[in-house]
Protein chains: 2
Amino acid sequence: MDLLKNRILADGQALNENVLKVDSFINHQVDPKLMDVIGKEFAEHYRNKNVTKVVTIESSGIAPATFTALYLDVPLIILKKCSSKTLADDVFQTKVTSFTKNIEYDLTLSKNYVNDNDNVLVIDDFLANGEASFGAINLIKMANANIAGIGILIEKSFQKGYERLVDAGYDVYSLARISKLSDGKIEFLN
Amino acid sequence: MDLLKNRILADGQALNENVLKVDSFINHQVDPKLMDVIGKEFAEHYRNKNVTKVVTIESSGIAPATFTALYLDVPLIILKKCSSKTLADDVFQTKVTSFTKNIEYDLTLSKNYVNDNDNVLVIDDFLANGEASFGAINLIKMANANIAGIGILIEKSFQKGYERLVDAGYDVYSLARISKLSDGKIEFLN
């Protein structure tokens, strides 16, 4: 998606060979118009897949996932990284390790909102090793639902996530595929 | 706002006199059409306030705040509850206590995205004691920006937050003002 790739080139910062900072338009400051266009793009791509729910992981995926759900006319479900008082009962949980942030968390899904009739589209901001995506997939499988696809804003194609997801049979659609990061330089796969 | 109040009556659950569960359409499962309408409502209400940025706190406020920012045609800024590797430098931080969740966290704002030219609208899902709102206000003040107003989806009017904010001179607009919660019963102020 040229709009996103050009924005990454203009406003993204390659801090080193692993970390791309997109805090000025995706992660911390958010461009709502860009999120709107991205949501439309995902909705178009998965239009014929009979998606019944969009799922994302808090919190950077929420903005684009909300627009995706709006344009697909289905509910959004936000997977929580911490258990809270009002989410204590009747939940599925799975452990996820974030290598980027060097933390481990319990990803949580209420048993009330995904079931065996659902066909779920997962939307996330980054795909690196695929840990977060597989965490979401685990929860959706625990609910006996089908996975319609995985929509990603920025894929670090030099890491294993894309390959792992495709090898597992999932329909992955990444809007920007980054082949290489180095100090101050960002290269795309295509 | 009748649409939100009716939805709270239909799908909200008063767990006790303090906790209102809205996990089925705001906090965990999200109704994107409702968020769209709420965003439009906030944008209309603050249309003449010359808002330059919308600020929210991760993560339940992100969906309605994204639409608010879209309709006001300004960027959204998501205040982070945890510091991450790529947010380590050049940040404002303030401690916030959540009595509902019984946790304390460092609310974080990058110094890059709010400055003394900004007029900031704060959007959040719940207003209880006002701890989260005052946390956001503290960060915006550290950046020497002005606060245009505080837009709230659900106000627990029986707690101190609204009074504290209005006493401090802020323009608070709550879409649903709850006067009383009890087991299974929800009453509105007006």
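Scroll up a little and you will see the structure.
Residues numbered from 1 in each chain as written. Chains lettered and ligands numbered in written order. Predicted model: local features only at pLDDT ≥ 70, side-chain atom pairs only at ≥ 80, totals over all residues. Heavy atoms only, no water.

> Please set out the overall build of chain A residue by residue, giving values where relevant.
Check the secondary structure of chain A and you find 6 helices and 11 strands. For 190 residues, the compact-globule estimate of 2.2 N^0.38 gives 16 Å, and the C-alpha radius of gyration of chain A, at 16 Å, lies within 12% of that figure. For chain A, the proportion of its 190 residues judged to be buried stands at 60%. Counting 21 positive and 25 negative side-chain charges, chain A places the averaged centre of each group 1 Å from the other. (Helix = DSSP H or I, 4+ residues; strand = E, 2+ residues; numbered from the N terminus. Rg over C-alpha atoms; globule rule 2.2 N^0.38 Å. Buried < 20%, exposed > 50% of the residue type's maximum accessible area, 1.4 Å probe, protein only. Lys, Arg positive; Asp, Glu negative; His and termini not counted. Charge placed at Lys NZ, Arg CZ, Asp CG, Glu CD.)

> Just give me the short version of the side chain of Asn27 of chain A, but keep the residues and values in it.
Position of Asn27 of chain A relative to the elements: it lies in helix 2 (residues 23-27). Of the residues examined, Asn27 of chain A reaches a relative accessible area of 11% and is grouped as buried. Within the structure, Asn27 of chain A has its side chain in polar contact with the side chain of Asp125 of chain A (distance 3.0 Å). Among residues more than four places away in sequence, those in contact with Asn27 of chain A are Val22, Ser60, Asp125 and Phe126 of chain A together with Ile78 and Lys80 of chain B. (Polar contact = N/O pair within 3.5 Å; in protein donor to acceptor, adjacent residues only side chain to side chain. Contact = heavy atoms within 4.5 Å.)

> Run through the sheet that holds strand 10 (residues 172-182) of chain B, naming residues and quoting values.
Pairing is mixed in the open sheet, where 7 strands are placed in the order 3(A)-5(B)-4(B)-8(B)-9(B)-10(B)-11(B). The open sheet is flanked by strand 3 (29-30) of chain A together with strand 11 (185-188) of chain B, the only strands paired with a single partner. Bridge count for strand 4 (residues 53-57) of chain B against strand 8 (residues 119-127) of chain B is 4 bridges, and the pairing is parallel. Along strand 8 of chain B, the bridge assignment pairs Val55 of chain B with Val122 of chain B. Contacting strand 8, strand 9 (146-156) and strand 10 of chain B, helix 3 (residues 32-45) of chain B crosses the sheet at an angle of about 125° to strand 10 of chain B. Sitting on the sheet, helix 5 (residues 131-142) of chain B is in contact with strand 4, strand 5 (76-79), strand 8 and strand 9 of chain B, with an inclination near 170° to strand 9 of chain B. (Pairing = 2+ DSSP bridges. Axes fitted to C-alpha atoms, helices over the stretch in contact; angles between N-to-C directions.)

> Mind laying out the relation of the copies chain B and chain A, listing which residues take part and the relevant values?
Superposing chain B onto chain A takes a rotation of 180° plus a shift of 0.0 Å along the axis, which leaves an RMSD of 0.0 Å. Both copies are brought into coincidence by an operation consistent with a two-fold rotation axis. When you check the interface residues of chain B against chain A, 98% turn up at the interface there too, and the contact is symmetric in its surfaces. (Least-squares fit on C-alpha atoms with pLDDT ≥ 70 in both.)

> Give a detailed account of the packing of helix 1 (residues 2-11) of chain A against helix 3 (residues 32-45) of chain A, specifying residues and quantitative values.
Residues and elements named next belong to chain A. Running from N to C, helix 1 and helix 3 point in directions that differ by 145°, and their axes come no closer than 10 Å. The segment helix 1 lies against helix 3, with Leu3, Leu4 and Arg7 engaging Leu34, Val37 and Ile38. Looking at the contact of helix 1 with helix 3 residue by residue, the classes come out as 5 nonpolar, no polar and 1 charged. (Nonpolar A, V, L, I, M, F, W, Y, C, P; charged D, E, K, R; others polar.)

> Break down unusual backbone geometry for me, with residues and values.
Following Glu58 of chain A, the chain continues into Ser59 of chain A via a peptide bond in cis, with omega recorded as 0°. You can see Ser59 of chain A is positioned in the loop between strand 4 (53-57) and helix 4 (62-72). The phi dihedral of Asn50 of chain B is positive, around 55°, even though this residue is not glycine. Along the polypeptide, Asn50 of chain B turns up in the loop between helix 3 and strand 4. The exposed category is assigned to Asn50 of chain B, whose relative accessible area is 61%. Notably, Asn144 of chain B is not glycine yet its phi reads approximately 60°, a positive angle. Examined against the element boundaries, Asn144 of chain B turns out to sit in the loop between helix 5 and strand 9. According to the relative accessible area criterion, Asn144 of chain B is exposed, its value standing at 57%.

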